[in-house]
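Here are the chains, one letter per residue:
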Amino acid sequence: MSMVEIKDLAVRLEDRFILRPFSLSLECGKTVVVSGPSGSGKSTLLKTVMGFVKPSQGEVSVEGVRLDGHSVWRVRQRMAYVPQEIDMGDGTAEEILRRLFHYRASSSLRWDEKQVKELFSEFMLGEDLLQQDVRELSGGEKQRLAFVSAILLQRPIMVLDEVTTGLDPERKRAMLEHLKRRSDITALVATHDETFMGYADEVVYLEPIASAPSGNEETD
Amino acid sequence: MREIIDISYSSLALGYVLAIIPLALVLYYRARVAFDLVTSIVRMTVQLLFVGLYLQVVFRLDLWWLTALWLIVMIVVADFSVARGAGLSARRFVFSLFAALLAGTIVPLAYFILVILRVPHLMEPQYAIPIAGMIMGNCLRANVIGIGRFYRSLKEREGAFLYSLGQGATLREAVRPFLSNALSDALAPTIAMMMTVGLVSLPGMMTGILMAGVAPSAAIKYQIAIMISIFTGTAITVVCGIELTMRSAFTPYGILRKDIFRGKPKVK
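The rules behind these values
- Residues numbered from 1 in each chain as written.
- Chains lettered and ligands numbered in written order.
- Predicted model: local features only at pLDDT ≥ 70, side-chain atom pairs only at ≥ 80, totals over all residues.
- Helix = DSSP H or I, 4+ residues; strand = E, 2+ residues; numbered from the N terminus.
- Contact = placed C-beta atoms within 7 Å.
- Rg over C-alpha atoms; globule rule 2.2 N^0.38 Å.
- Domains from an automatic or database assignment.
- Nonpolar A, V, L, I, M, F, W, Y, C, P; charged D, E, K, R; others polar.
- pLDDT = per-residue confidence, 0-100.
- Pairing = 2+ DSSP bridges.
- Buried ≥ 20, exposed ≤ 12 C-beta atoms within 10 Å, placed from the backbone.
- Axes fitted to C-alpha atoms, helices over the stretch in contact; angles between N-to-C directions.
- Expected span 1.5 Å × (residues − 1).
- Bend = angle between axes of the 7 residues up to and from the residue.
- Core = buried A, V, L, I, M, F, W, Y, C linked by C-beta atoms within 7 Å.

Asker: Explain the overall build of chain B residue by residue, including any values.
Answerer: Check the secondary structure of chain B and you find 10 helices and zero strands. Its helices and strands taken in sequence order, chain B reads α-α-α-α-α-α-α-α-α-α from the N to the C terminus. Overall size of chain B, expressed as C-alpha extent along the three principal axes, is 65 × 55 × 35 Å. Sequence separation of at least 24 residues holds for 72% of the intrachain contacts in chain B that already meet a minimum separation of 6.

Asker: Got a sec to walk through the overall build of chain A? Specific residues and values, please.
Answerer: A tally of regular secondary structure across chain A gives seven helices and nine strands. Computed over C-alpha atoms, the radius of gyration of chain A comes to 17 Å, within 12% of the 17 Å expected from 2.2 N^0.38 for 220 residues, which places it in the range of a compact globule. Each principal axis of the C-alpha distribution contributes one length, and for chain A these read about 50 × 35 × 35 Å. Long-range contacts, defined as pairs at least 24 residues apart, comprise 73% of the intrachain contacts of chain A with a sequence gap of at least 6.

Asker: So, the domain arrangement of chain B: which residues are in play, and what are the values?
Answerer: All names here are of chain B. If you check the domain split of chain B, you get domain 1 (7–61) and domain 2 (63–260). Between domain 1 and domain 2, the C-alpha centre-to-centre distance is 27 Å. Between domain 1 and domain 2, the residue contacts involve four residues of the former and six residues of the latter. For the side of domain 1 that touches domain 2, the class distribution of residues is four nonpolar, no polar and no charged.

Asker: If you had to explain the confidence of the model for chain A to someone new, which residues and values would you point to?
Answerer: Residue and element names in this part refer to chain A. Here chain A averages 91 in pLDDT, and 95% of its residues register 70 or above. Ranking the elements of chain A by mean pLDDT puts helix 7 (residues 194–199) last, at 91, and strand 7 (residues 157–161) first, at 97. Counting contacts from residues 212–220, a segment whose pLDDT is below 50, to residues more than four positions away or on other chains yields 26 contacts.

Asker: How would you explain the pairing of strand 2 (residues 16–27) of chain A if you had to name every residue and give the values?
Answerer: All names here are of chain A. Two elements, strand 1 (residues 2–13) and strand 2, share eight bridges in a ladder whose sense is antiparallel. Following the sheet pairing, L9 is matched in strand 2 by F22. Connecting the antiparallel pair strand 1 and strand 2 is a turn made up of two residues, with E14 showing a positive phi of about 55 degrees.

Asker: Could you give an account of the interface of chain B and chain A, with specific residues and numbers?
Answerer: On the side of chain A, 26 residues touch chain B, which itself brings 20 residues to the contact. Here the side of chain B that touches chain A is built from residues that sort into nine nonpolar, seven polar and four charged.

Asker: Give me unusual backbone geometry: which residues, what numbers.
Answerer: Residue and element names in this part refer to chain A. Positive phi is not limited to glycine here, since E63 has a value of about 50 degrees. Structurally, the position occupied by E63 is in the loop between strand 4 (57–62) and strand 5 (65–66). Positive phi, normally seen in glycine, also occurs at Q154, with a value near 55 degrees. By the secondary structure assignment, Q154 is in the loop between helix 5 (139–152) and strand 7. A tally of 12 C-beta atoms within 10 Å means that Q154 is categorised as exposed.

Asker: Describe the sheet that holds strand 1 of chain A, naming the residues involved and giving the relevant values.
Answerer: Residue and element names in this part refer to chain A. The four strands are arranged 2-1-4-5 in an open sheet whose pairing can be described as antiparallel. In this open sheet, the two strands that pair with only one neighbour each are strand 2 and strand 5. Where strand 1 meets strand 4, five bridges bridge the pair, whose relative direction is antiparallel. Counterpart to I6 in the pairing with strand 4 is V60. Together, strand 1, strand 2 and strand 4 form the strand contacts of helix 1 (residues 42–49), whose direction differs from that of strand 2 by roughly 60 degrees.

Asker: So, the sheet that holds strand 9 (residues 202–205) of chain A: which residues are in play, and what are the values?
Answerer: All names here are of chain A. Strand order in this open sheet of five strands is 6-7-8-3-9, and the pairing throughout is parallel. Both outer strands of the open sheet, strand 6 (79–82) and strand 9, are each paired with one neighbouring strand and no more. Each strand axis lies, on average, 15 degrees off the axis of its neighbour in the sheet, ignoring direction. Note: strand 3 (residues 31–35) against strand 9, four bridges, orientation parallel. The residue of strand 9 that forms the bridge with V34 is V204. Docked against the sheet, helix 1 engages strand 3, strand 7 and strand 8 (186–190), running at close to 145 degrees with respect to strand 8.

Asker: Requested: an account of helix 8 (residues 171–196) of chain B, with residues and values cited.
Answerer: Residues and elements named next belong to chain B. Its 26 residues place the ends of helix 8 38 Å apart at the C-alpha level, agreeing with the 38 Å of an ideal helix rising 1.5 Å per residue. Its axis deflected by about 40 degrees at P177, helix 8 carries its strongest bend there. Residues A174, V175, F178, A182, A186 and T190 constitute the buried set of helix 8. Tucked inside the fold, the buried residues of helix 8 contact helix 6 (125–156), helix 7 (158–166) and helix 10 (216–249). Once helix 8 finishes, G198 follows within two positions and takes phi at roughly 90 degrees, a positive value.

Asker: I'd like a rundown of the environment of A:W111, residues and numbers included.
Answerer: All names here are of chain A. Assignment of secondary structure puts W111 in the loop between helix 3 (93–100) and helix 4 (113–122). Taking the C-alpha atoms as reference points, W111 and R98, 13 residues apart in sequence, are found 7.0 Å from one another. Not counting chain neighbours up to four residues away, the residues in contact with W111 comprise R98 and F101.

Asker: Which residues make up the environment of A:G36, and what values go with them?
Answerer: All names here are of chain A. You can see G36 is positioned in the loop between strand 3 and helix 1. Owing to 19 C-beta atoms within 10 Å, G36 belongs among the partly exposed residues under this scheme. Between the C-alpha atoms of G36 and Q115, which are 79 residues apart in sequence, the distance is 35 Å. The contact partners of G36, leaving out residues within four places of it in the chain, are K42, Y205, L206, E207 and P208.

Asker: Could you give me a rundown of the nonpolar core, with the residues and numbers involved?
Answerer: The biggest cluster of nonpolar side chains holds 117 residues, and the ones touching the most others in it are A:F147, A:V159, A:L188, A:V189 and B:I131. Of the residues forming this core, the biggest block, 15 residues, is contributed by helix 6 of chain B. Once residues lying within four places of it in the same chain are set aside, the contact partners of B:I131 are B:L109, B:F112, B:I113 and B:I226.

See the structure below:
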(Lines give C-alpha, C1' and ligand atoms only; values in the text may rest on other atoms or scores of the structure.)
Protein backbone atom coordinates (compact mmCIF):
# COMPACT_ATOMS: atom_id res chain seq x y z
CA MET A 1 0.00 0.00 0.00
CA SER A 2 1.22 3.48 -0.81
CA MET A 3 1.68 5.42 2.43
CA VAL A 4 2.43 8.75 0.78
CA GLU A 5 1.39 9.58 -2.77
CA ILE A 6 2.67 12.81 -4.30
CA LYS A 7 1.18 13.69 -7.68
CA ASP A 8 2.51 16.49 -9.88
CA LEU A 9 3.16 18.64 -6.82
CA ALA A 10 4.62 22.11 -7.40
CA VAL A 11 4.99 25.31 -5.42
CA ARG A 12 5.30 28.68 -7.10
CA LEU A 13 6.18 31.97 -5.53
CA GLU A 14 4.80 34.65 -7.81
CA ASP A 15 5.99 33.45 -11.24
CA ARG A 16 8.89 31.29 -10.13
CA PHE A 17 8.90 27.66 -9.04
CA ILE A 18 10.37 26.95 -5.64
CA LEU A 19 9.41 23.31 -6.15
CA ARG A 20 9.17 22.00 -9.68
CA PRO A 21 6.36 19.53 -10.55
CA PHE A 22 7.19 16.37 -8.65
CA SER A 23 5.61 12.93 -8.20
CA LEU A 24 6.48 10.12 -5.84
CA SER A 25 4.90 7.03 -4.37
CA LEU A 26 6.20 5.96 -0.97
CA GLU A 27 5.48 2.35 -0.08
CA CYS A 28 4.91 1.09 3.45
CA GLY A 29 8.09 0.51 5.45
CA LYS A 30 10.36 2.05 2.84
CA THR A 31 12.82 4.89 3.24
CA VAL A 32 12.94 7.32 0.34
CA VAL A 33 15.62 10.00 0.22
CA VAL A 34 14.95 13.16 -1.76
CA SER A 35 18.25 14.70 -2.69
CA GLY A 36 19.40 17.67 -4.69
CA PRO A 37 21.37 20.88 -4.34
CA SER A 38 20.39 23.70 -1.98
CA GLY A 39 17.41 25.60 -3.31
CA SER A 40 16.04 22.66 -5.29
CA GLY A 41 12.93 22.59 -3.05
CA LYS A 42 13.69 19.60 -0.76
CA SER A 43 12.51 21.34 2.42
CA THR A 44 9.57 22.91 0.57
CA LEU A 45 8.51 19.43 -0.59
CA LEU A 46 8.54 18.13 3.01
CA LYS A 47 6.71 21.20 4.31
CA THR A 48 4.06 20.77 1.62
CA VAL A 49 3.59 17.13 2.62
CA MET A 50 3.12 18.35 6.23
CA GLY A 51 0.57 20.96 5.09
CA PHE A 52 2.79 23.90 6.10
CA VAL A 53 3.07 25.16 2.53
CA LYS A 54 0.13 25.28 0.15
CA PRO A 55 0.94 23.78 -3.25
CA SER A 56 0.28 25.73 -6.44
CA GLN A 57 -0.62 22.52 -8.24
CA GLY A 58 -0.84 18.80 -7.68
CA GLU A 59 -1.82 16.91 -4.55
CA VAL A 60 -0.57 14.85 -1.64
CA SER A 61 -2.35 11.80 -0.24
CA VAL A 62 -1.36 10.07 2.98
CA GLU A 63 -2.67 6.53 3.54
CA GLY A 64 -5.19 7.20 0.79
CA VAL A 65 -6.47 10.46 2.33
CA ARG A 66 -6.09 13.53 0.15
CA LEU A 67 -4.45 16.36 2.07
CA ASP A 68 -6.62 19.45 2.44
CA GLY A 69 -7.51 21.99 5.12
CA HIS A 70 -9.89 19.54 6.71
CA SER A 71 -7.94 16.26 6.55
CA VAL A 72 -4.54 17.77 7.39
CA TRP A 73 -5.16 17.54 11.15
CA ARG A 74 -5.88 13.81 10.98
CA VAL A 75 -3.02 13.24 8.54
CA ARG A 76 -0.47 15.00 10.77
CA GLN A 77 -1.42 12.63 13.58
CA ARG A 78 -0.07 9.79 11.43
CA MET A 79 3.29 11.49 10.92
CA ALA A 80 6.24 12.78 12.93
CA TYR A 81 8.22 15.66 11.47
CA VAL A 82 11.83 16.59 12.22
CA PRO A 83 12.65 19.94 10.59
CA GLN A 84 16.04 21.12 9.42
CA GLU A 85 16.16 24.07 11.79
CA ILE A 86 14.91 22.61 15.03
CA ASP A 87 13.08 24.82 17.53
CA MET A 88 11.30 22.50 19.93
CA GLY A 89 9.97 25.30 22.12
CA ASP A 90 10.90 26.29 25.67
CA GLY A 91 11.69 23.98 28.55
CA THR A 92 13.94 21.10 29.45
CA ALA A 93 14.29 18.10 27.14
CA GLU A 94 12.12 16.05 29.49
CA GLU A 95 9.40 18.70 29.56
CA ILE A 96 9.40 18.87 25.77
CA LEU A 97 9.19 15.08 25.42
CA ARG A 98 6.47 14.82 28.07
CA ARG A 99 4.44 17.55 26.34
CA LEU A 100 4.06 15.22 23.34
CA PHE A 101 2.27 12.72 25.54
CA HIS A 102 -0.35 15.32 26.46
CA TYR A 103 -1.45 15.76 22.85
CA ARG A 104 -4.81 14.24 22.01
CA ALA A 105 -3.10 12.41 19.15
CA SER A 106 -0.88 10.62 21.70
CA SER A 107 -3.63 9.74 24.18
CA SER A 108 -2.98 6.01 23.73
CA LEU A 109 0.71 6.44 24.64
CA ARG A 110 2.21 6.44 28.12
CA TRP A 111 5.47 8.03 29.23
CA ASP A 112 7.96 5.20 29.62
CA GLU A 113 11.12 6.33 31.36
CA LYS A 114 12.91 3.08 30.58
CA GLN A 115 12.21 3.41 26.86
CA VAL A 116 13.37 7.03 26.88
CA LYS A 117 16.64 6.09 28.59
CA GLU A 118 17.19 3.22 26.15
CA LEU A 119 16.68 5.54 23.18
CA PHE A 120 19.00 8.13 24.75
CA SER A 121 21.62 5.45 25.13
CA GLU A 122 21.08 4.17 21.56
CA PHE A 123 21.63 7.65 20.12
CA MET A 124 24.47 8.53 22.52
CA LEU A 125 22.63 11.21 24.43
CA GLY A 126 23.59 11.56 28.11
CA GLU A 127 20.76 11.06 30.60
CA ASP A 128 21.60 14.40 32.22
CA LEU A 129 20.48 16.03 28.97
CA LEU A 130 16.87 15.36 30.00
CA GLN A 131 17.16 18.16 32.55
CA GLN A 132 18.84 20.62 30.19
CA ASP A 133 17.11 23.55 28.53
CA VAL A 134 16.57 22.51 24.90
CA ARG A 135 17.59 25.93 23.62
CA GLU A 136 21.05 25.37 25.09
CA LEU A 137 21.59 22.06 23.30
CA SER A 138 23.97 21.76 20.35
CA GLY A 139 22.58 21.28 16.83
CA GLY A 140 23.49 17.58 16.85
CA GLU A 141 21.87 17.01 20.25
CA LYS A 142 18.68 18.71 19.07
CA GLN A 143 18.60 16.55 15.94
CA ARG A 144 18.90 13.36 17.96
CA LEU A 145 16.43 14.54 20.61
CA ALA A 146 13.89 15.39 17.89
CA PHE A 147 14.50 11.96 16.34
CA VAL A 148 13.90 10.32 19.75
CA SER A 149 10.67 12.27 20.10
CA ALA A 150 9.56 11.11 16.63
CA ILE A 151 10.21 7.49 17.66
CA LEU A 152 8.37 7.92 20.97
CA LEU A 153 5.27 9.10 19.09
CA GLN A 154 5.09 5.70 17.34
CA ARG A 155 3.83 7.20 14.10
CA PRO A 156 3.90 5.07 10.94
CA ILE A 157 5.39 7.89 8.83
CA MET A 158 8.47 10.00 9.55
CA VAL A 159 9.24 13.15 7.60
CA LEU A 160 12.88 14.00 8.19
CA ASP A 161 14.67 17.11 6.93
CA GLU A 162 18.50 16.92 6.99
CA VAL A 163 18.28 14.92 10.18
CA THR A 164 21.85 13.57 10.02
CA THR A 165 23.61 16.63 8.61
CA GLY A 166 26.58 17.59 10.74
CA LEU A 167 26.53 14.42 12.87
CA ASP A 168 29.70 12.40 13.32
CA PRO A 169 29.73 8.95 11.57
CA GLU A 170 29.05 6.96 14.76
CA ARG A 171 25.94 8.95 15.75
CA LYS A 172 24.76 9.09 12.17
CA ARG A 173 25.03 5.31 11.86
CA ALA A 174 23.00 4.82 15.06
CA MET A 175 20.11 6.77 13.53
CA LEU A 176 20.34 5.06 10.14
CA GLU A 177 20.55 1.57 11.66
CA HIS A 178 17.46 2.32 13.71
CA LEU A 179 15.51 3.32 10.60
CA LYS A 180 16.79 0.30 8.69
CA ARG A 181 15.70 -2.03 11.49
CA ARG A 182 12.21 -0.54 11.80
CA SER A 183 10.11 -2.03 9.00
CA ASP A 184 7.04 -0.42 10.59
CA ILE A 185 8.30 3.07 9.79
CA THR A 186 7.94 4.69 6.38
CA ALA A 187 10.36 7.58 6.02
CA LEU A 188 10.46 10.50 3.61
CA VAL A 189 13.86 12.11 3.99
CA ALA A 190 15.37 15.24 2.50
CA THR A 191 19.15 15.17 2.62
CA HIS A 192 22.32 15.44 0.63
CA ASP A 193 24.09 13.14 3.05
CA GLU A 194 25.57 10.34 0.93
CA THR A 195 25.72 7.90 3.85
CA PHE A 196 21.96 8.22 4.22
CA MET A 197 21.49 7.52 0.51
CA GLY A 198 23.35 4.25 1.00
CA TYR A 199 20.74 3.15 3.55
CA ALA A 200 17.71 4.30 1.53
CA ASP A 201 15.40 2.03 -0.48
CA GLU A 202 15.13 4.72 -3.13
CA VAL A 203 16.87 7.99 -3.90
CA VAL A 204 15.10 10.70 -5.90
CA TYR A 205 16.93 13.77 -7.22
CA LEU A 206 15.44 17.22 -7.47
CA GLU A 207 16.82 19.39 -10.23
CA PRO A 208 18.27 22.76 -9.20
CA ILE A 209 16.07 25.80 -9.77
CA ALA A 210 17.86 28.84 -11.10
CA SER A 211 17.78 31.84 -8.75
CA ALA A 212 15.28 30.15 -6.49
CA PRO A 213 14.21 32.27 -3.53
CA SER A 214 14.59 30.60 -0.14
CA GLY A 215 12.64 30.66 3.10
CA ASN A 216 9.78 32.70 1.66
CA GLU A 217 7.30 30.10 0.59
CA GLU A 218 3.69 30.75 -0.11
CA THR A 219 2.01 29.58 3.08
CA ASP A 220 -1.53 30.85 2.72
CA MET B 1 -14.44 65.54 55.78
CA ARG B 2 -14.85 68.50 53.48
CA GLU B 3 -16.56 68.73 50.09
CA ILE B 4 -14.24 68.72 47.11
CA ILE B 5 -13.18 72.18 45.83
CA ASP B 6 -14.23 72.80 42.24
CA ILE B 7 -11.46 74.21 40.02
CA SER B 8 -12.50 77.45 38.33
CA TYR B 9 -11.66 77.84 34.63
CA SER B 10 -9.23 80.66 35.46
CA SER B 11 -7.47 78.41 37.98
CA LEU B 12 -7.37 75.60 35.40
CA ALA B 13 -5.71 77.99 32.98
CA LEU B 14 -2.96 78.39 35.60
CA GLY B 15 -2.61 74.60 35.51
CA TYR B 16 -1.39 74.79 31.90
CA VAL B 17 1.45 77.06 33.08
CA LEU B 18 2.93 73.99 34.79
CA ALA B 19 3.27 72.31 31.37
CA ILE B 20 5.88 74.97 30.47
CA ILE B 21 8.41 72.98 32.55
CA PRO B 22 8.27 69.72 30.53
CA LEU B 23 7.99 71.70 27.30
CA ALA B 24 11.09 73.74 28.18
CA LEU B 25 12.99 70.56 29.12
CA VAL B 26 11.96 68.84 25.90
CA LEU B 27 13.01 71.84 23.81
CA TYR B 28 16.29 72.30 25.66
CA TYR B 29 17.29 68.67 25.24
CA ARG B 30 15.86 68.57 21.72
CA ALA B 31 13.81 65.50 22.49
CA ARG B 32 11.70 64.63 19.47
CA VAL B 33 8.40 64.75 21.34
CA ALA B 34 7.87 68.53 21.48
CA PHE B 35 5.17 68.50 18.80
CA ASP B 36 3.53 65.39 20.26
CA LEU B 37 3.58 66.98 23.71
CA VAL B 38 1.68 70.06 22.57
CA THR B 39 -0.70 68.01 20.43
CA SER B 40 -1.42 65.64 23.30
CA ILE B 41 -2.22 68.49 25.68
CA VAL B 42 -4.61 70.02 23.14
CA ARG B 43 -6.21 66.65 22.37
CA MET B 44 -6.56 65.82 26.05
CA THR B 45 -8.30 69.15 26.69
CA VAL B 46 -10.71 68.83 23.77
CA GLN B 47 -11.50 65.17 24.51
CA LEU B 48 -12.12 65.79 28.20
CA LEU B 49 -14.26 68.85 27.45
CA PHE B 50 -16.51 66.74 25.25
CA VAL B 51 -16.54 63.88 27.74
CA GLY B 52 -17.33 66.29 30.57
CA LEU B 53 -20.25 67.74 28.64
CA TYR B 54 -21.57 64.33 27.62
CA LEU B 55 -21.25 62.91 31.11
CA GLN B 56 -23.09 65.94 32.54
CA VAL B 57 -25.99 65.00 30.28
CA VAL B 58 -25.75 61.28 31.08
CA PHE B 59 -25.68 61.90 34.83
CA ARG B 60 -28.53 64.41 34.69
CA LEU B 61 -30.86 62.30 32.52
CA ASP B 62 -29.92 59.05 34.27
CA LEU B 63 -31.23 56.84 31.43
CA TRP B 64 -29.94 53.26 31.33
CA TRP B 65 -29.64 53.17 27.56
CA LEU B 66 -27.62 56.39 27.47
CA THR B 67 -25.15 54.93 29.99
CA ALA B 68 -25.04 51.67 27.99
CA LEU B 69 -24.42 53.66 24.81
CA TRP B 70 -21.51 55.43 26.50
CA LEU B 71 -20.00 52.09 27.53
CA ILE B 72 -20.38 50.71 24.00
CA VAL B 73 -18.67 53.77 22.53
CA MET B 74 -15.80 53.28 25.00
CA ILE B 75 -15.51 49.61 24.03
CA VAL B 76 -15.45 50.44 20.30
CA VAL B 77 -12.69 53.00 20.84
CA ALA B 78 -10.77 50.49 22.99
CA ASP B 79 -11.31 47.84 20.31
CA PHE B 80 -9.51 49.84 17.62
CA SER B 81 -6.86 50.97 20.11
CA VAL B 82 -6.02 47.35 20.98
CA ALA B 83 -5.69 46.38 17.31
CA ARG B 84 -3.55 49.44 16.52
CA GLY B 85 -1.46 49.16 19.70
CA ALA B 86 -0.77 45.47 19.09
CA GLY B 87 0.10 46.07 15.42
CA LEU B 88 -2.76 43.87 14.21
CA SER B 89 -5.39 44.20 11.49
CA ALA B 90 -8.45 45.96 12.95
CA ARG B 91 -10.52 44.83 9.95
CA ARG B 92 -9.90 41.16 10.66
CA PHE B 93 -10.24 41.30 14.44
CA VAL B 94 -12.75 44.08 15.11
CA PHE B 95 -15.67 41.84 16.13
CA SER B 96 -13.58 39.35 18.12
CA LEU B 97 -11.88 42.10 20.12
CA PHE B 98 -15.19 43.86 20.69
CA ALA B 99 -16.72 40.67 22.11
CA ALA B 100 -13.65 40.05 24.30
CA LEU B 101 -13.63 43.61 25.67
CA LEU B 102 -17.38 43.48 26.25
CA ALA B 103 -17.12 40.21 28.20
CA GLY B 104 -14.08 41.41 30.16
CA THR B 105 -15.86 44.62 31.14
CA ILE B 106 -19.43 43.45 31.75
CA VAL B 107 -18.66 40.41 33.94
CA PRO B 108 -16.61 42.24 36.66
CA LEU B 109 -18.75 45.38 36.30
CA ALA B 110 -21.98 43.48 36.94
CA TYR B 111 -20.42 41.66 39.90
CA PHE B 112 -19.07 44.90 41.38
CA ILE B 113 -22.34 46.83 41.01
CA LEU B 114 -24.97 44.17 41.61
CA VAL B 115 -23.21 41.87 44.11
CA ILE B 116 -20.65 44.00 45.97
CA LEU B 117 -22.32 47.43 45.95
CA ARG B 118 -25.86 45.99 45.70
CA VAL B 119 -27.02 48.87 43.54
CA PRO B 120 -30.32 47.71 41.98
CA HIS B 121 -29.56 48.93 38.44
CA LEU B 122 -26.45 47.87 36.51
CA MET B 123 -26.49 51.00 34.36
CA GLU B 124 -26.45 53.48 37.27
CA PRO B 125 -24.14 56.12 35.70
CA GLN B 126 -22.56 57.23 38.99
CA TYR B 127 -21.04 53.75 39.40
CA ALA B 128 -21.18 52.11 35.97
CA ILE B 129 -19.21 54.80 34.12
CA PRO B 130 -16.18 55.21 36.42
CA ILE B 131 -15.92 51.51 37.30
CA ALA B 132 -16.28 50.37 33.68
CA GLY B 133 -13.79 53.03 32.62
CA MET B 134 -11.17 51.78 35.06
CA ILE B 135 -11.73 48.12 34.16
CA MET B 136 -11.65 48.85 30.44
CA GLY B 137 -8.59 51.08 30.58
CA ASN B 138 -6.64 48.27 32.19
CA CYS B 139 -8.12 45.61 29.89
CA LEU B 140 -6.98 47.71 26.94
CA ARG B 141 -3.39 47.89 28.16
CA ALA B 142 -3.32 44.20 29.04
CA ASN B 143 -4.80 43.24 25.69
CA VAL B 144 -2.26 45.27 23.75
CA ILE B 145 0.47 43.39 25.61
CA GLY B 146 -1.21 39.96 25.68
CA ILE B 147 -2.68 39.66 22.19
CA GLY B 148 0.20 41.57 20.58
CA ARG B 149 2.83 39.32 22.17
CA PHE B 150 0.82 36.18 21.42
CA TYR B 151 0.80 36.81 17.67
CA ARG B 152 4.29 38.29 17.53
CA SER B 153 5.81 35.37 19.39
CA LEU B 154 3.97 32.95 17.07
CA LYS B 155 5.54 34.79 14.14
CA GLU B 156 9.01 34.97 15.68
CA ARG B 157 8.95 31.37 16.94
CA GLU B 158 7.17 29.92 13.93
CA GLY B 159 9.62 27.01 14.00
CA ALA B 160 8.51 25.93 17.49
CA PHE B 161 4.86 26.28 16.51
CA LEU B 162 5.27 24.24 13.32
CA TYR B 163 7.28 21.68 15.25
CA SER B 164 4.26 21.08 17.51
CA LEU B 165 1.92 20.83 14.52
CA GLY B 166 4.41 18.44 12.92
CA GLN B 167 4.08 16.15 15.95
CA GLY B 168 0.30 15.99 15.46
CA ALA B 169 -0.74 18.70 17.92
CA THR B 170 -4.13 20.32 17.42
CA LEU B 171 -4.08 24.07 16.84
CA ARG B 172 -5.12 24.64 20.44
CA GLU B 173 -2.34 22.35 21.71
CA ALA B 174 0.26 24.00 19.49
CA VAL B 175 -0.58 27.54 20.65
CA ARG B 176 -0.90 26.66 24.35
CA PRO B 177 2.70 27.58 25.35
CA PHE B 178 2.32 30.88 23.46
CA LEU B 179 -1.04 31.57 25.10
CA SER B 180 0.38 30.77 28.52
CA ASN B 181 3.29 33.21 28.01
CA ALA B 182 0.99 35.93 26.62
CA LEU B 183 -1.36 35.62 29.59
CA SER B 184 1.55 35.86 32.05
CA ASP B 185 2.92 38.93 30.26
CA ALA B 186 -0.51 40.58 30.16
CA LEU B 187 -1.27 39.98 33.83
CA ALA B 188 2.22 40.82 35.15
CA PRO B 189 1.67 44.64 35.31
CA THR B 190 -1.61 44.22 37.24
CA ILE B 191 0.04 41.76 39.63
CA ALA B 192 2.96 44.15 40.13
CA MET B 193 0.48 46.98 40.75
CA MET B 194 -1.34 44.92 43.39
CA MET B 195 1.97 44.07 45.07
CA THR B 196 2.90 47.70 45.60
CA VAL B 197 -0.46 49.44 45.79
CA GLY B 198 -0.59 51.91 48.63
CA LEU B 199 3.19 51.71 49.22
CA VAL B 200 4.62 53.24 46.08
CA SER B 201 1.60 55.16 44.84
CA LEU B 202 -2.00 55.83 45.71
CA PRO B 203 -4.20 54.48 42.95
CA GLY B 204 -6.62 56.64 40.96
CA MET B 205 -9.92 55.45 42.34
CA MET B 206 -8.80 55.72 45.98
CA THR B 207 -7.40 59.18 45.36
CA GLY B 208 -10.65 60.31 43.75
CA ILE B 209 -12.76 59.00 46.60
CA LEU B 210 -10.47 60.57 49.22
CA MET B 211 -10.64 63.93 47.45
CA ALA B 212 -14.42 63.66 47.27
CA GLY B 213 -14.35 63.75 51.07
CA VAL B 214 -15.06 60.07 51.76
CA ALA B 215 -13.39 58.31 54.73
CA PRO B 216 -10.15 56.42 53.90
CA SER B 217 -11.69 53.20 55.27
CA ALA B 218 -14.36 53.36 52.53
CA ALA B 219 -11.77 54.36 49.93
CA ILE B 220 -9.63 51.28 50.52
CA LYS B 221 -12.65 48.99 50.27
CA TYR B 222 -13.47 50.46 46.87
CA GLN B 223 -9.84 50.16 45.86
CA ILE B 224 -9.63 46.49 46.83
CA ALA B 225 -12.84 45.69 44.96
CA ILE B 226 -11.75 47.57 41.84
CA MET B 227 -8.31 45.92 41.79
CA ILE B 228 -9.89 42.46 41.87
CA SER B 229 -12.37 43.54 39.19
CA ILE B 230 -9.56 44.85 36.99
CA PHE B 231 -7.62 41.63 37.41
CA THR B 232 -10.69 39.56 36.55
CA GLY B 233 -11.55 41.73 33.55
CA THR B 234 -7.98 41.59 32.30
CA ALA B 235 -7.80 37.80 32.46
CA ILE B 236 -11.20 37.39 30.75
CA THR B 237 -10.40 39.89 28.00
CA VAL B 238 -6.97 38.50 27.17
CA VAL B 239 -8.09 34.86 27.05
CA CYS B 240 -11.34 35.65 25.17
CA GLY B 241 -9.44 38.04 22.88
CA ILE B 242 -6.91 35.37 21.92
CA GLU B 243 -9.46 32.56 21.67
CA LEU B 244 -11.82 34.62 19.49
CA THR B 245 -9.20 36.22 17.24
CA MET B 246 -7.64 32.78 16.67
CA ARG B 247 -10.69 31.82 14.63
CA SER B 248 -9.68 34.17 11.85
CA ALA B 249 -5.92 34.33 12.38
CA PHE B 250 -5.00 30.92 10.94
CA THR B 251 -5.49 29.21 7.59
CA PRO B 252 -7.45 25.94 7.59
CA TYR B 253 -4.02 24.24 7.65
CA GLY B 254 -3.21 25.93 10.98
CA ILE B 255 -0.69 28.37 9.52
CA LEU B 256 -0.65 31.91 10.90
CA ARG B 257 -1.98 34.34 8.29
CA LYS B 258 0.61 36.97 7.43
CA ASP B 259 -2.00 39.65 6.71
CA ILE B 260 -3.09 39.87 10.36
CA PHE B 261 -0.15 42.18 11.05
CA ARG B 262 -0.47 45.90 10.38
CA GLY B 263 2.25 48.42 11.10
CA LYS B 264 4.49 48.31 14.11
CA PRO B 265 3.21 47.45 17.57
CA LYS B 266 3.32 50.23 20.14
CA VAL B 267 4.28 47.84 22.94
CA LYS B 268 7.23 45.54 22.37
